[in-house]
Amino acid sequence: MPYSYDTENIFAKILRGEIPNDTVLDTEHSLAFNDIRPQAPIHVLVIPKGAYVSYDDFASNASDAEILDYTRAIAKVCEMKGVAADGFRMISNAGAHGVQEVPHLHVHILGGRGLGRMLERG
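Everything quoted here is computed from the prediction, not taken from an experiment.

Observations concerning the packing of aromatic side chains
Here is step 1 of the chain: This structure, assessed with the given rule, holds four aromatic pairs.
Here is step 2 of the chain: Residues Tyr-52 and Phe-58 carry aromatic rings whose centres are separated by 5.2 Å and whose planes lie at 80° to one another, so their mutual orientation is edge-to-face.
Here is step 3 of the chain: Judged by its relative accessible area of 1%, Phe-58 is buried.
Here is step 4 of the chain: A ring pair is formed by Tyr-55 and Phe-58, whose centres lie 6.0 Å apart and whose planes are at 50°; its orientation type is tilted. Of this pair, Tyr-55 and Phe-58 both sit in helix H2 (residues 55-61), three residues apart, which is roughly one turn of that helix.
Here is step 5 of the chain: Through a chain of ring-to-ring contacts, three or more aromatic side chains come together here, namely Tyr-52, Tyr-55, Phe-58 and Tyr-70.

Digging into the sheet that holds strand E3 (residues 42-48)
Strand-to-strand pairing in sheets goes through backbone hydrogen bonds, with the strands running parallel or antiparallel.
Here is step 1 of the chain: Spatial strand order, E1-E2-E3-E5-E4: five strands in an open sheet with antiparallel pairing. Only two strands of the sheet have a single neighbouring strand rather than two, namely strand E1 (23-26) and strand E4 (88-91). Ignoring which end each strand starts from, the neighbouring axes of this sheet average 15° apart.
Here is step 2 of the chain: Across the face of the sheet, helix H3 (residues 64-81) comes into contact with E1, strand E2 (30-34), E3, E4 and strand E5 (107-111) while running at roughly 165° to E3.

Overview of the pattern of salt bridges
Here is step 1 of the chain: This structure, assessed with the given rule, holds four salt bridges.
Here is step 2 of the chain: In this structure, Arg-16 engages Glu-8 in a salt bridge whose closest nitrogen and oxygen atoms are separated by 3.6 Å.
Here is step 3 of the chain: In this structure, Asp-26 engages Lys-49 in a salt bridge whose closest nitrogen and oxygen atoms are separated by 2.6 Å. Of this pair, Asp-26 sits in strand E1 while Lys-49 sits in the loop between E3 and H2, and the two are 23 residues apart along the sequence.
Here is step 4 of the chain: Through salt bridges with shared partners, a single network forms among Glu-8, Arg-16 and Glu-18.

What counts, and where the lines are drawn
- For every chain, the first residue of the written sequence is number 1, and numbering continues from 1 along that sequence.
- Owing to the predicted nature of the model, reporting of local features is limited to residues with pLDDT of at least 70; listing and counting of side-chain atom pairs is limited to 80 or more, with chain, interface and lining totals taken over all residues.
- Hydrogens and waters are ignored; side-chain quantities use all the structure's heavy atoms.
- Aromatic rings from Phe, Tyr and Trp, with only the six-membered ring used for Trp, were paired whenever their centres fell within 6.5 Å, and each pair was classed as stacked if the ring planes differed by under 30 degrees, edge-to-face if by over 60, and tilted otherwise.
- Each residue's exposure class comes from its accessible area (1.4 Å probe, protein chains only) as a fraction of the maximum for that residue type: buried when under 20%, exposed when over 50%, partly exposed otherwise.
- Each helix is a run of DSSP H or I of at least 4 residues and each strand a run of E of at least 2, with the numbering of both proceeding from the N terminus.
- Whether two strands pair depends on DSSP finding at least two bridges between them.
- Structural elements are reduced to axes, namely lines fitted to C-alpha atoms, with helices fitted over the stretch in contact, and the angle between N-to-C directions of any two is expressed from 0 to 180 degrees.
- The contact criterion used throughout is that any non-hydrogen atoms of two residues lie within 4.5 Å.
- A pair is scored as a salt bridge if a Lys or Arg side-chain nitrogen falls within 4 Å of a carboxyl oxygen belonging to Asp or Glu.

And the structure:
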């Protein structure tokens, strides 16, 4: 696991209701909300409600119900935002090399325009 879980991270505070968010979808185990600094016309963050640092932490330690809910929440957001037809990018950063800024698992769903290459060569 790249980082240990910090209960004071911004997503933990959002889940506790200490920081407002622009909710897109709220399920039993997941929360999706519009990013406050969108990098594309559609930019939604999807987070599990449990204290998981990264996807590998989540996949190893979450319950089957949490994994199913989170996966279906991501699909539902894509459906709700209409990005499946033209395509979208789903990004989850992990650890220092992945440039993870918040030590709480989150997936970025970006769409609404062409997004270019995933990584530049070099």
